[in-house]
Amino acid sequence: MDIDKYVENSCRVSLMQMLEAREKRAERQASLIDIYDKTLISFTMNIPGEYKSYPLCAYAFQKGFGLIEDILSMNHIEQHYSKKYLLPTGPEGYFIVDAEPETVKQLTCDIEDAHPAGRLFDIDVISNAGKKVSRSGEGETTRECIIGGKPVWECSRSRNHSALDLSRRTAELLLDYYIESICDEVSSLAVRSLLYEVSVTPKPGLVDLKNNGSHSDMDVLTFIDSSSSLYTYFKSITLKAFKYKGPPEKMLPEFRFLGQLAEARMLRATGGINTHKGAIFSLGLICMAFGILKRDNAMVSIEKVLSTCGKITSGITNELDESKHDKSHGERAYKTHGIKGVRGEADAGFPSVVSIAVPVFNLYHEKGLNYNDTGVITLMHLISKVDDTNIVARSGAQILEDIHKELSAFLNGSPAYKDIIKKAHELDDIFISENISPGGCADLLAMAFFLHFLLKSGL
């Protein structure tokens, strides 16, 4: 990102506008104190230069405003009023609270000192008598300059840095915070998706809260161990995509080693048991696609994410023709039956997620079903249509075809959701007795959860 161009695309404000904004802010503060006669919190951003309201600034402000709300609630401090303004002269937020100003000031100082973007937060606390509360025992401030690390008052007095340098450094700090914050949230949602997927019950032939399905070597705790080990992978791959310079079509070779490291971490966490190899690939692709779209300031939607996954993996099915061995389920299924498995899904932009998982998930979730039942029904629709190489590897292509016919006929009859849940219980017993495990469909279900959580998060 070109920081200078990015900042200059926002609205430039004059010194006169800033002086007027300061006067209006003082009027708002005085009015709120007069009305409520309680402690006031006034929250603004320390943004030097002529550009005060670009999106990175607004993002950090919104996060800071929400954090103040959370901290007040956690400390049982009653809020009588809260409001925020996103103004060309910079964002402003106000809280009226029922607490001693010194107590509130300590909390706001903790926010400024501990939050990743706290150096750019300016949180004033004003008593009901209109007196601004200083940091305890420190005078007005001992905060450090964002460039040199020296005390702010020293750099300000000697004018060590130009307004342009300060403005550029501020934007860089905000961008670093934004990227770090986004990557944290994306990786958390990826892990959450894996935990939701394993918790959905019943899942025919798969590990769930009821039983271990067709697997004697793993249980729910194995999946929890594995999921927990993958947080750093999802974060690192999203961050790498944010900073990647080339087009999506060229990125996969450079990113593959991160996937291999994640597999090694998973196997170490599970004692050598493969719980999430497919999810490392598919959810990792979503992280990569999301990072690329955010890098380009593109509109992010489920369709856009999945089509970008297709760009990233373009031509990956050629590997099946070029492979000289058949070590994986996917390679064996392709050589024996021509089934392309997850590589074919990825190369085509995950059509099973687009046409089955997401529409079914949305339909039943919007009907008010909880996540568990929505997950069960989504999985059942996936099992009815997806060429799952795990089923082929364990049970053969004919068994897969029989499952498709039987389950599709059942679902085409438009059964009530409770009947679908009942059918899942019945299939679970059958799949366990016949050692059938639709692990590929489980990965697609995890993708549906991940995409849903991303959409719901507003990211």
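Going by the structure above, here's the rest.
So, here's what we can say about the structure.

Definitions and limits used
Residues numbered from 1 in each chain as written. Predicted model: local features only at pLDDT ≥ 70, side-chain atom pairs only at ≥ 80, totals over all residues. Heavy atoms only, no water. Disulfide = S-S within 2.5 Å. Buried < 20%, exposed > 50% of the residue type's maximum accessible area, 1.4 Å probe, protein only. Core = buried A, V, L, I, M, F, W, Y, C linked by side-chain atoms within 4.5 Å. Helix = DSSP H or I, 4+ residues; strand = E, 2+ residues; numbered from the N terminus. Contact = heavy atoms within 4.5 Å. Salt bridge = Lys/Arg side-chain N within 4 Å of Asp/Glu carboxyl O. Axes fitted to C-alpha atoms, helices over the stretch in contact; angles between N-to-C directions. Parallel < 35°, antiparallel > 145°, perpendicular 65-115°, else oblique. Left-handed = near helix turned anticlockwise from the far one by under 90°. Patch = residues over 30% accessible without salt bridge, like charges linked within 9 Å, V, L, I, M, F, W, Y side chains within 5 Å. Areas by Shrake-Rupley, 256 points an atom, 1.4 Å probe, with all protein chains shown as cover. Phe/Tyr/Trp six-rings, centres within 6.5 Å; stacked < 30°, edge-to-face > 60°. Lys NZ or Arg CZ within 6 Å of the ring centre and 35° of its normal.

In the structure shown here, the tally under the stated rule is zero disulfides. A disulfide-free cysteine, C183 has its sulfur positioned 8.7 Å from the sulfur of C287, the nearest such atom. Residue classification places C183 among the buried positions, given a relative accessible area of 1%.

This part is about the nonpolar core. Counting 115 residues, the largest nonpolar core has M45, L174, F234, L283, F350, V353 and F450 as its most contacted members. Top contributing element to this core by residue count: helix α6 (residues 163-199), with 13 residues. When neighbours within four sequence positions are excluded, L174 is seen to be in contact with M45, I47, Y54, L56, C57, A60 and L120.

A word on the pattern of salt bridges. Applying the stated criterion across every chain yields a total of 16 salt bridges. Here R12 makes a salt bridge to E50, at a shortest N to O gap of 3.6 Å. Taken together, the residues R12 in the loop between α1 (3-8) and α2 (15-36) and E50 in the loop between β1 (39-45) and α3 (55-74) connect sequence positions 38 residues apart. Classification of E50 by relative accessible area gives partly exposed; the value is 40%.

The contact between helix α15 (residues 351-366) and helix α16 (residues 371-383) brings their axes to 9 Å, and the two run at 150°. The angle between α15 and α16 falls in the class roughly antiparallel. For the crossing formed where α15 meets α16, the hand is right-handed. In contact with S352, I356, A357, V360, F361, Y364 and H365 of α15, α16 contributes Y371, T374, I377, T378, H381 and L382.

Below, the discussion takes up a nonpolar patch on the surface. Residues L15, M16 and L19 make up a contiguous nonpolar surface patch of roughly 320 Å² in combined accessible area. A relative accessible area of 52% means that M16 is categorised as exposed.

Here the amide bond leading from T201 into P202 is cis, since omega sits at 5°, within 30 degrees of zero. The backbone of D37 sits at a positive phi, close to 55°, despite the residue not being glycine. Inspection of the secondary structure assignment puts D37 in the loop between α2 and β1. For N297, which is not glycine, the phi torsion reads 55° and is therefore positive. Residue class for N297 comes out exposed when judged on its relative accessible area of 57%.

With that settled, the discussion passes to the packing of aromatic side chains. In total, this model carries 19 aromatic pairs according to the counting rule given. A centroid spacing of 5.2 Å and a plane angle of 50° characterise the contact between Y233 and F234, whose relative ring orientation is tilted. Between the aromatic rings of Y371 and F453, the centroid separation amounts to 5.7 Å while the plane-to-plane angle is 80°, which identifies the pairing as edge-to-face. Taken as a pair, Y371 in helix α16 and F453 in helix α20 (residues 439-457) lie far apart in primary sequence, 82 residues in all. When sorted by exposure, Y371 lands in the same class as F453, which is buried. Sitting over the ring of Y85, R28 keeps its end group 4.4 Å from the ring centre. Above the ring of F255, the side-chain terminus of K240 is found at 5.4 Å from the ring centroid.

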